[in-house]
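# Remarks on the overall topology
Residues per chain are reported as follows:
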Amino acid sequence: MVNKKKCAVFISGNGSNLESIIKESNKSDFPIKVESIITDNINSRGLNFGKTYNIKCYPLDYKSFIKKEDFESKILEILSIDKIEIICLAGYMKILSSLFIKSFDGLIINIHPSLLPKYKGLDTHQRAIDNNDTLAGCTVHYVNEELDSGEIILQKSLKISHEETASTLQRKVLKLEHLAYPEAIRKIFS
Ligand code: GRF
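The shown structure was predicted, so the numbers you read here are calculated from the model rather than taken from an experiment.

### Looking at the site of the ligand
- Every residue close to the ligand is listed here: Asn14, Gly15, Ser16, Asn17, Gly91, Ile111, His112, Pro113, Leu174 and Glu177.
- Glycine 15 is positioned such that a nitrogen or oxygen atom in its backbone is 2.8 Å from an oxygen atom of the ligand.
- Computed on the free molecule, the ligand has an accessible area of 370 Å², of which 82% lies beneath the protein chains in the complex.
- Its residues placed into classes, the shell around the ligand shows 3 nonpolar, 6 polar and 1 charged.

### Points about helix 6 (residues 166–188)
- When the terminal C-alpha atoms of helix 6 are compared, their 31 Å separation across 23 residues agrees well with the 33 Å that a helix rising 1.5 Å per residue should span.
- Every buried residue of helix 6 is listed here: Leu169, Val173, Leu176, Glu177, Ala180, Tyr181, Pro182, Ala184 and Ile185.

### Things to note about the pattern of salt bridges
- Here the structure, examined in full by the defined rule, presents 13 salt bridges.
- For lysine 33, the salt bridge goes to glutamate 35, with nearest N and O atoms at 3.0 Å.
- Looking at lysine 33, the relative accessible area reads 41%, which means it is partly exposed.
- The salt bridge involving glutamate 77 is made with lysine 74; its shortest N-O contact spans 3.6 Å. Note that glutamate 77 and lysine 74 are positioned in helix 3 (residues 68–81) at a spacing of 3 residues, about one turn of the helix.
- Look at glutamate 77 and you get partly exposed, because its relative accessible area is 42%.
- Taking the relative accessible area as the measure of exposure, lysine 74 reaches 31% and is therefore partly exposed.

### Notes on the side chain of asparagine 17
- Counting through the fold element by element, asparagine 17 comes out in helix 1 (residues 16–25).
- Owing to a relative accessible area of 7%, asparagine 17 belongs among the buried residues under this scheme.
- A polar contact is formed between the side chain of asparagine 17 and the side chain of glutamate 177, at a distance of 3.0 Å.
- Aside from chain neighbours lying at most four places away, what touches asparagine 17 is Ala90, Ile111, Leu174, Glu177, His178 and Tyr181.

What counts, and where the lines are drawn
- Residues numbered from 1 in each chain as written.
- Predicted model: local features only at pLDDT ≥ 70, side-chain atom pairs only at ≥ 80, totals over all residues.
- Heavy atoms only, no water.
- Near = heavy atom within 4 Å.
- Polar contact = N/O pair within 3.5 Å; in protein donor to acceptor, adjacent residues only side chain to side chain.
- Areas by Shrake-Rupley, 256 points an atom, 1.4 Å probe, with all protein chains shown as cover.
- Nonpolar A, V, L, I, M, F, W, Y, C, P; charged D, E, K, R; others polar.
- Helix = DSSP H or I, 4+ residues; strand = E, 2+ residues; numbered from the N terminus.
- Expected span 1.5 Å × (residues − 1).
- Buried < 20%, exposed > 50% of the residue type's maximum accessible area, 1.4 Å probe, protein only.
- Salt bridge = Lys/Arg side-chain N within 4 Å of Asp/Glu carboxyl O.
- Contact = heavy atoms within 4.5 Å.

Structure follows, in structure tokens:
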């Protein structure tokens, strides 16, 4: 049994990566425990995993905060109360401020649906297809102040087929992501 670090997972949408991390964290040798789920979107479907797996959820309505600083201060308060030691961004659609990133320096990781440094930002699958790439994949990386640019922890790739569309590729890469995220977390703490 390892001494598990307390983790907060930040989501905005479906939370399928969140679930893959939770499932793995239920194993006794996994280095983190998902303590809290934080979202900027009160309608995020991923919040249901909080109920299913009995994990504290913090649905924060981004629009109800006047300034981004206030929103982030609220999150920092939650992280402090829950004694969070590492943050996993999993489909979290807000860009974190430099101040926030500095206050958790080196302890925030993210998953991105492309083989970084290719295709930072959105619409990654269509851009890979449009460029006639033969490989696609996902990257787990540390978060720094530049979007999708922090040190790479782990990548997984697959072949793009001739009849691929952005949505078929999205589904295939998402499956890879569910393997990559837990593997990257193990790697960090190994
Ligand atoms: C994933 O493709 C992730 O790489 C990207 O957003 C998507 C989130 O999917 N950042 P889910 O909410 O984990 O299902």
